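Listed here are the chains, written in short residue letters.
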Amino acid sequence: MIASCLCYLLLPATRLFRALSDAFFTCRKNVLLAKSSSSQVEGDFAMAPRGPEQEECEGLLQQWREEGSSQVLSTASEGPLVDKGLAQSSLALLMDNPGEENAASEDKWSSRQLSDLRAAENLDEPFPEMLGEEPLPEVEGPMWAAIPMQTDPQYADCAVLPVGALATEQWEEDPAVLAWSIAPEPVPQEEAPIWPFEGMGQLQPPPMEIPYHEILWREWEDFSTQPDAQGLKPGDGPQFQFTLMSYNILAQDLMQQSSELYLHCHPDILNWNYRFMNLMQEFQHWDPDILCLQEVQEDHYWEQLEPSLRMMGFTCFYKRRTGCKTDGCAVCYKPTRFRLLCASPVEYFRPGLELLNRDNVGLVLLLQPLVPEGLGQVSVAPLCVANTHILYNPRRGDVKLAQMAILLAEVDKVARLSDGSHCPIILCGDLNSVPDSPLYNFIRDGELQYHGMPAWKVSGQEDFSHQLYQRKLQAPLWPTSLGITDCCQYVSSCHPKRSERRKYGRDFLLRFRFCGIACQRPVGLVLMEGVTDTKPERPAGWAESVFEEDTSELEPASSRTVGTIQHCLHLTSVYTHFLPQRGRPEVTTMPLGLGMTVDYIFFSAESCENGNRTDHRLYRDGTLKLLGRLSLLSEEILWAANGLPNPFCSSDHLCLLASFGMEVTAP
């Protein structure tokens, strides 16, 4: 039984056994080893006791050493190394003719092979040294481990010999070895990834046949050599040039609250640590002078974004949304290029007003460009930068218009110069409105007739015309208590400033003596002789409505029209929102796989009439000139990259980047 067990374990276990048997002997398939009468187990093997034929077995082994060692060595060198006792005992077992079928011969050979195994085990010298060869290095193999399974009772007491490097060989599914398995070696742990998960192992981004940066390649469109509508080139005179980026970076809290929008994304690319590294690389690559961010989570801003941006040379201002919201807007600029004149945070929430009960915010900065010393005594006008994130709700266009009116009023106040004009203005952000929508046209054209308009139509994000009940805009859109006129100006700022102001002296007060209202006798006035019984005589040449003519100058410069709102900032968009080379609209975001544009950069420029919608320059340059922009992508291209976010773009919006030039004038 023990010999049979050893045969089943040793013969399939090594290729060396097969090589030796094929090279020197021809064994019949039905050879059966004789059963041993002893079940004693010594050491690591089930060994039979020494029989009377021990000397004959040792003689046969010596004969094999002298005559066939050279041939065996050449064969053995082709296979893997094995333990010396295992090799010698196996050769001795196969030396004799296995064809004898009588019982005595079977017992004889069974006794011989067990004796050979024991004799070989007791040899002191290594097997290669006996053959006159140099000893080979020992190979440490893995340990063997038993897998519990149902086996035949006659093999229950078998032990297994460690076979060194043979443990790594591919074994056949032989029944003799199916009950054993190599114990798995511990796999060395790699270094932690830059985007670790809590309680999870490392996950890698999905493989891509085409690199994402090739799919999402964006061209830089240079307008610095193109003439404007007046035929003037932007580079004709000295300019102060700078770049501005607007980017909705997707707050992590908002992403987790709307996780159904990101089911198409691999979990790795949604991790904040991975996204943060991608965002910082994007900032470093484009290196803007002014950075306007939306959906900036407050804890991420103070712990990671602000310190990192400060190390990149930015000075940052942040405004968190009101209420319990955790994100907000940030405007960052390089103090080597600009000097801060004022910073004005804007809150759209107004207690008690149902129209303005949302927590969106904005941020307005007035920056003074720093002219290089090499240009001499020159000056550049201040620059007003406004950044905001308007309400998303497509049904509440009335709220969007009111929020935009508040922002425009703040921009009007900050950017207004002493002569009543405005300095150059850049207004950017996520406006949650599509191109050519009423809200977009209001910003670009400066006027909107809103009375009776369905509220959902203001932003153009979705079509709710099929609904029976539709909220419609009524005039006035906001109450007068808001303190903002229909011209999107604060009431205190709507009157033109005068260099000479009225002085309430004697001459000014005498003008009221002969005004029309003063010459009328009040009803119920008590008649008193010498006091109230006379009527003042109007001097010759005195105008009858002097006071009325003067008070007309205090009226707002723009006449008020019911159901219409206006502004006088003269803004136009950096982007045309159409890709003529592809015949597709531009896309800045892809909610639920639907591409649209909701992010904008508007700047001060006079619009000009032009029916060609593919023209890049539909405006007249003022003191602020557009020198270039980073092209946007189409919906089809973003679909090829599995939408947004993806391993290359770590937000659900694309960044907007533009280069501007400002006129430099002599003092």
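Computed from a prediction, not measured in an experiment: that's the story for all the values here.

The terminal C-alpha atoms of helix α10 (residues 298-311), which comprises 14 residues, lie 19 Å apart, in line with the 20 Å expected from a rise of 1.5 Å per residue. Considering bend angle alone, the principal kink of α10 is centred on L305 and spans about 40°; proline P307 follows within four residues of it. Those residues of α10 that sit buried are H300, Y301, Q304, L305, E306, S308 and L309. Residues of α10 that are buried sit in contact with α8 (252-257), α9 (272-286), β5 (290-297), β6 (315-320) and β7 (327-333). Phi turns positive, to about 100°, at G313, one or two residues after α10.

This part covers the packing of aromatic side chains. Overall, the coordinates contain 14 aromatic pairs when judged by the stated rule. Ring geometry for F242 against F338: centres 5.6 Å apart, planes inclined by 85°, an arrangement best described as edge-to-face. Residue F242 is found in strand β4 (residues 239-248), and its partner F338 is found in strand β8 (residues 338-347); the two are separated by 96 residues along the sequence. Summarising the aromatic geometry, the rings of W272 and F276 are spaced 5.8 Å apart at their centres and angled 40° between planes, so their arrangement reads as tilted. Here W272 pairs with F276, and both are found in helix α9, just four residues apart, close to one helical turn.

Moving on to a nonpolar patch on the surface. On the surface, a nonpolar cluster with roughly 290 Å² of combined accessible area is contributed by V526, M528 and V531. Examined against the element boundaries, V526 turns out to sit in the loop between α13 (506-510) and α14 (546-551).

Glancing now at the pairing of strand β21 (residues 656-663). The buried fraction of β21 is high, at seven of eight residues. As defined by bridge partners, β4 adjoins β21 across eight bridges and the pair is classed as antiparallel. Bridge assignment links F242 to a residue of β21, and that residue is F660. Alignment of strand β20 (residues 624-630) against β21, held across five bridges, turns out to be antiparallel. Counterpart to K625 in the pairing with β21 is G661.

Ordered by their spatial adjacency, seven strands build an open sheet running β3-β20-β21-β4-β5-β7-β6, and the pairing between neighbours is mixed. With partners counted over all chains shown, the strands left at the sheet margins are β3 (220-222) and β6, one partner each. Here the average twist between neighbouring strands, direction ignored, is 20°. Packed onto the sheet, α9 meets β4, β5, β20 and β21 and runs at close to 165° relative to β4.

Taken N-terminus to C-terminus, the directions of α9 and α10 make an angle of 25°; their axes are 11 Å apart at the nearest point. Relative to α10, α9 is oriented roughly parallel. Along this stretch, α9 crosses α10, giving a crossing that reads as right-handed. Listed contacts from α10 to W272, N273, F276, M280 and F283 of α9 are H300, Q304, L305, S308 and L309.

Let us look at the confidence of the model for the protein. Here the protein averages 74 in pLDDT, and 56% of its residues register 70 or above. In this model, residues 546-558 is a region of pLDDT below 50 whose contacts with residues beyond four sequence positions or in other chains number 13 contacts. Low confidence marks residues 611-617, where pLDDT is under 50. Its contacts with residues over four positions away, or in another chain, come to 18 contacts.

Quick look at α9 now. In a regular helix each residue adds 1.5 Å, so 15 residues correspond to 21 Å; α9 covers 21 Å between its end C-alpha atoms and thus fits that length. Among the residues of α9, those classed as buried are W272, Y274, R275, F276, N278, L279, M280, E282 and F283. At its buried positions, α9 is contacted by β4, α8, β5 and α10. The residue sitting at the N-terminus of α9 and contributing the capping side-chain oxygen is N271; that oxygen lies 3.0 Å from the backbone nitrogen of N273. One or two positions beyond α9, positive phi appears at D287, with a value near 50°.

What follows is about the state of the cysteines. The final tally for this structure, using the stated rule, is zero disulfides. C423 provides the cysteine sulfur closest to C384, a residue in no disulfide bond, and the two sulfurs are 5.5 Å apart. By relative accessible area, which is 0% here, C384 ends up buried.

A few words now on the packing of helix α11 (residues 397-415) against helix α12 (residues 438-445). Closest axis-to-axis distance for the α11/α12 pair is 11 Å, and the angle between their directions is 20°. Relative to α12, the element α11 lies roughly parallel. Two packed elements cross with a definite hand, and for α11 against α12 that hand is right-handed. On α12, the residues that touch K400, L401, M404 and L408 of α11 are L439, F442 and I443. Among the residues making up the contact of α11 with α12, the classes are represented as six nonpolar, no polar and one charged.

Conventions used here
Residues numbered from 1 in each chain as written. Predicted model: local features only at pLDDT ≥ 70, side-chain atom pairs only at ≥ 80, totals over all residues. Heavy atoms only, no water. Helix = DSSP H or I, 4+ residues; strand = E, 2+ residues; numbered from the N terminus. Expected span 1.5 Å × (residues − 1). Bend = angle between axes of the 7 residues up to and from the residue. Buried < 20%, exposed > 50% of the residue type's maximum accessible area, 1.4 Å probe, protein only. Contact = heavy atoms within 4.5 Å. Phe/Tyr/Trp six-rings, centres within 6.5 Å; stacked < 30°, edge-to-face > 60°. Patch = residues over 30% accessible without salt bridge, like charges linked within 9 Å, V, L, I, M, F, W, Y side chains within 5 Å. Areas by Shrake-Rupley, 256 points an atom, 1.4 Å probe, with all protein chains shown as cover. Salt bridge = Lys/Arg side-chain N within 4 Å of Asp/Glu carboxyl O. Pairing = 2+ DSSP bridges. Axes fitted to C-alpha atoms, helices over the stretch in contact; angles between N-to-C directions. Parallel < 35°, antiparallel > 145°, perpendicular 65-115°, else oblique. Left-handed = near helix turned anticlockwise from the far one by under 90°. pLDDT = per-residue confidence, 0-100. Polar contact = N/O pair within 3.5 Å; in protein donor to acceptor, adjacent residues only side chain to side chain. Disulfide = S-S within 2.5 Å. Nonpolar A, V, L, I, M, F, W, Y, C, P; charged D, E, K, R; others polar.

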